[in-house]
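Observations on the three-dimensional arrangement
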Amino acid sequence: MKRIFLFLVTNIAVLLSLVVVSQLICAFFGADLEKQLGAEYADLLIFAVVYGFVGSIISLLLSKQMAK
């Protein structure tokens, strides 16, 4: 149960970091990613979340067997 909790917390932290960094870049360079990229920005974020969660859940599920 602890592993799943840490898995979720870590992935949410990575997702929040991605959003914060992209917003800081937009603010620093004066670019408006949503205006320039439109739906592509949201699609990229969704792809990053799915790819990250799937990769990390596979790693989490295999870690005990690999350590043994």
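Since the structure is predicted, the reported quantities are computational estimates derived from the model, not experimental observations. (Residues numbered from 1 in each chain as written. Predicted model: local features only at pLDDT ≥ 70, side-chain atom pairs only at ≥ 80, totals over all residues. Heavy atoms only, no water.)

1. A look at the overall build of the protein
A count of helices and strands for the protein gives three helices and zero strands. What you see in the protein, going N to C, is helices and strands ordered as α-α-α. Evaluated residue by residue, the protein yields a buried proportion of 9% over its 68 residues. As displayed, the protein offers around 5700 Å² of accessible surface, 75% of which is attributable to carbon and sulfur atoms. (Helix = DSSP H or I, 4+ residues; strand = E, 2+ residues; numbered from the N terminus. Buried < 20%, exposed > 50% of the residue type's maximum accessible area, 1.4 Å probe, protein only. Areas by Shrake-Rupley, 256 points an atom, 1.4 Å probe, with all protein chains shown as cover.)

2. What to know about the confidence of the model for the protein
In the predicted model, the protein carries a mean pLDDT of 78, and the fraction of residues at 70 or more is 82%. By mean pLDDT, the top-scoring element of the protein is helix H1 (residues 2–29) (81), and the lowest-scoring one is helix H2 (residues 33–37) (64). (pLDDT = per-residue confidence, 0-100.)

3. What to know about H1
Given a rise of 1.5 Å per residue, 28 residues ought to cover 40 Å, and the 40 Å separating the end C-alpha atoms of H1 matches this to within 8%. Along H1, the residues classified as buried are Phe-7, Asn-11, Ser-22 and Cys-26. (Expected span 1.5 Å × (residues − 1).)

4. Overview of the packing of aromatic side chains
Tallied over the full model, the rule gives two aromatic pairs. Each ring, one from Phe-7 and one from Phe-53, has its centre 5.6 Å from the other, and the planes form 80°; the classification is edge-to-face. One end of the pair, Phe-7, is in helix H1; the other, Phe-53, is in helix H3 (residues 39–67), and 46 residues separate them in sequence. For Phe-53, a relative accessible area of 26% translates into the label partly exposed. Plain terms: the ring middles of Phe-47 and Tyr-51 are 5.7 Å apart, the flat faces sit at 20° to each other, and that makes the pair stacked. Remark: Tyr-51 and Phe-47 occur in helix H3; sequence separation between them is four residues, near one turn of the helix. Phe-47 gets classed as exposed once you look at its relative accessible area, which sits at 54%. (Phe/Tyr/Trp six-rings, centres within 6.5 Å; stacked < 30°, edge-to-face > 60°.)

5. Details of the side chain of Asn-11
Note on placement: Asn-11 falls in helix H1. Apart from residues lying up to four places away in sequence, Asn-11 is in contact with Gly-52, Phe-53 and Ser-56. (Contact = heavy atoms within 4.5 Å.)

6. Things to note about the environment of Ile-12
Relative to the helices and strands, Ile-12 resides in helix H1. Of the residues examined, Ile-12 reaches a relative accessible area of 45% and is grouped as partly exposed. For the pair Ile-12 and Phe-53, spaced 41 residues apart in the sequence, the C-alpha separation amounts to 9.5 Å.

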